[in-house]
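Geometric and topological summary
Each chain, written out:
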Amino acid sequence: MKPVPHATSLRRAPVQRRSAERLTRILDACADLLDEVGYDALSTRAVAQRASVPIGSVYRFFGNKRQMADALAQRNLERYSERVTRRLQQAGEDGGWRTAMDAVLDEYLEMKRTAPGFSLVDFGNQIPVGARHTEPNHRVADRLTELLSGYLDREPDEDLRRVFLVAVETADTLVHLAFRVAPEGDERIIEEAREMLRAYLARALD
């Protein structure tokens, strides 16, 4: 299993700070509109109006709304990685994989509940974004391998990557079930998911 390269949906990467700020406004507007109107009704023109930028500024970065959604999914993954990293830094080095697993799951649940547009896009699972070689759960598993291997004092090898991929696929399925059952996520299903992950990871990581 080879690492999945990080996808990029930008036609042109921002160089100047003003351009980066404009891109941020575009993605923020995209996220807000996804919550308000959904993906099917989303349009690049509506995003430009919400972001208060010319439509040409949107097309400078993106050719269509699918590319915008993919860029939002990538930004979500970056922000998620930052949140998990901060959580582990606060926890210190003594928690082991159980602390890491709680950080990974809890921060995902928090973004699911609070981050604009996340419930529709998350890391690209809800809307089919990206290319076939950049499947979202592979992106997440690769990122977790990078983030957690040092914390767990494990080699970031194929075995660890496979463990995280199985855990991510399992958590993804069960968390989405929990949010289909209840708007904020059914706590009983979430706890069942947590127990399943603990049992699997205990066998793989202890």
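To start, this report covers the structure provided alongside it. On a predicted model such as this, the values are computed, not experimentally measured, just so you know.

Looking at the packing of aromatic side chains
- Enumeration according to the criterion identifies six aromatic pairs in this entry.
- With centroids separated by 6.3 Å and ring planes inclined at 55°, the aromatic side chains of F61 and F62 adopt a geometry described as tilted. The exposure classification of F61 matches that of F62, with both residues buried.
- Between the aromatic rings of Y108 and F118, the centroid separation amounts to 5.7 Å while the plane-to-plane angle is 65°, which identifies the pairing as edge-to-face. A residue pair is termed long-range when its members are at least 10 positions apart, and Y108 in helix α5 (residues 96-114) and F118 in helix α6 (residues 118-121) qualify at ten residues.
- For Y108, a relative accessible area of 9% puts it in the buried group.

Here we look at the side chain of D186
- Here D186 is to be found in the loop between α8 (158-181) and α9 (187-205).
- Within polar-contact distance, the side chain of D186 engages the backbone nitrogen of R188 at 3.1 Å.
- A polar contact of 3.0 Å, which involves the side chain of D186, links it to the backbone nitrogen of I189.
- Each residue touching D186, except ones within four places of it in the same chain, is listed here: A178 and V181.

Each value, and the rule that gives it
Residues numbered from 1 in each chain as written. Predicted model: local features only at pLDDT ≥ 70, side-chain atom pairs only at ≥ 80, totals over all residues. Heavy atoms only, no water. Phe/Tyr/Trp six-rings, centres within 6.5 Å; stacked < 30°, edge-to-face > 60°. Buried < 20%, exposed > 50% of the residue type's maximum accessible area, 1.4 Å probe, protein only. Helix = DSSP H or I, 4+ residues; strand = E, 2+ residues; numbered from the N terminus. Polar contact = N/O pair within 3.5 Å; in protein donor to acceptor, adjacent residues only side chain to side chain. Contact = heavy atoms within 4.5 Å.

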